[in-house]
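Take a look at the letters that make up each chain.
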Amino acid sequence: MTIREFFSFKTNKFFWLNIAAMIVIVAVMVFGVLKWIDAYTHHGESVLVPDVKGMSVEEATKMFRNHGLVCSVSDTRYVKDKAAGIVLELKPGAGEKVKEGRTVYLTVNTLDVPLRMIPDVADNSSLRQAQAKLLSAGFKLNQVQLVNGEKDWVYGVKYQGRQLTAGEKIPMGASLTLMVGDGAGSMEKDSTDVAVDTETPVTSESSSTQEDNWF
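Computed from a prediction, not measured in an experiment: that's the story for all the values here.

Asks: If you had to explain the overall build of the protein to someone new, which residues and values would you point to?
Replies: Along the protein, the regular secondary structure elements total three helices and 12 strands. Counting every position in the protein, which comprises 215 residues, the buried fraction comes to 28%. Contacts spanning at least 24 positions in sequence make up 73% of the contacts within the protein whose residues lie at least 6 apart. Of the roughly 14400 Å² of accessible surface on the protein, 56% is carried by carbon and sulfur atoms.

Asks: Would you mind going over the pattern of salt bridges in detail, with residue names and values included?
Replies: Here the idea is simple: oppositely charged side chains can pair when their charged atoms come close. Within this structure, the stated rule accounts for two salt bridges. Glu 89 is paired through a salt bridge with Arg 77; the nearest N and O atoms lie 3.1 Å apart. Highlighted residues: Glu 89 in strand 3 (residues 87-91) and Arg 77 in strand 2 (residues 70-77), separated in sequence by 12 residues. Looking at Arg 77, the relative accessible area reads 38%, which means it is partly exposed. Across the salt bridge formed by Arg 162 and Glu 168, the nearest N and O atoms sit 2.7 Å from each other.

Asks: Break down helix 3 (residues 127-136) for me, citing the residues and quoting the values.
Replies: All of the buried residues along helix 3 are Leu 127, Ala 130, Gln 131 and Leu 134. Along the axis of helix 3, the buried residues cluster in a sector spanning 100°; they form a single face. Turned more than 90 degrees from where helix 3 packs its buried face, Arg 128 and Ser 136 sit exposed. Elements that come into contact with the buried residues of helix 3 comprise strand 7 (140-141), strand 9 (154-159) and strand 12 (175-181). One or two steps after helix 3, the chain reaches Gly 138, where phi turns positive at roughly 100°.

Each value, and the rule that gives it
Residues numbered from 1 in each chain as written. Predicted model: local features only at pLDDT ≥ 70, side-chain atom pairs only at ≥ 80, totals over all residues. Heavy atoms only, no water. Helix = DSSP H or I, 4+ residues; strand = E, 2+ residues; numbered from the N terminus. Buried < 20%, exposed > 50% of the residue type's maximum accessible area, 1.4 Å probe, protein only. Contact = heavy atoms within 4.5 Å. Areas by Shrake-Rupley, 256 points an atom, 1.4 Å probe, with all protein chains shown as cover. Salt bridge = Lys/Arg side-chain N within 4 Å of Asp/Glu carboxyl O. Arc of directions from axis to C-beta.

Take a look at the structure:
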């Protein structure tokens, strides 16, 4: 073997050794990055979202913490028959599988009774039209109060014995009384209104025939 051949062989040997070393280093780096991503994203790890409906936000927070989750109040809603401050809904829903550390968004029953505006039904609506507008606005209806005037024409709306004006705001779900003409003639401003019960009360699906004491 000549000197030139010897150095050529040696150079080629170092070249291939360097290539092999680079391949090993790259493989180790790729493996390390994949393991880091795996750990960072909790690959393959999941937990079930607990059912916290009906709990207070504080109780729900503790429950989520015990399951490796966090929660955040994203919306409020008013449900009269449920306690203020309790969880009504959650997203993702109870029983769904999520990654550990996921944020669950809560809808909570509001502490304040929302106010709704009274539609303009007095002196421009029939009984049926007024009923539809008030029920769709979230109010309840008591038995009507008959007054002198054109039959089935609405002359006013009362809440807790007080006549309301269009646009006035009162608590959502309040029970209202419509002042409806009895067909006996025009309603006089100075006349005394006499309440007469109709044969059947007008109610919504969730209404009652009595004023709600809590309003």
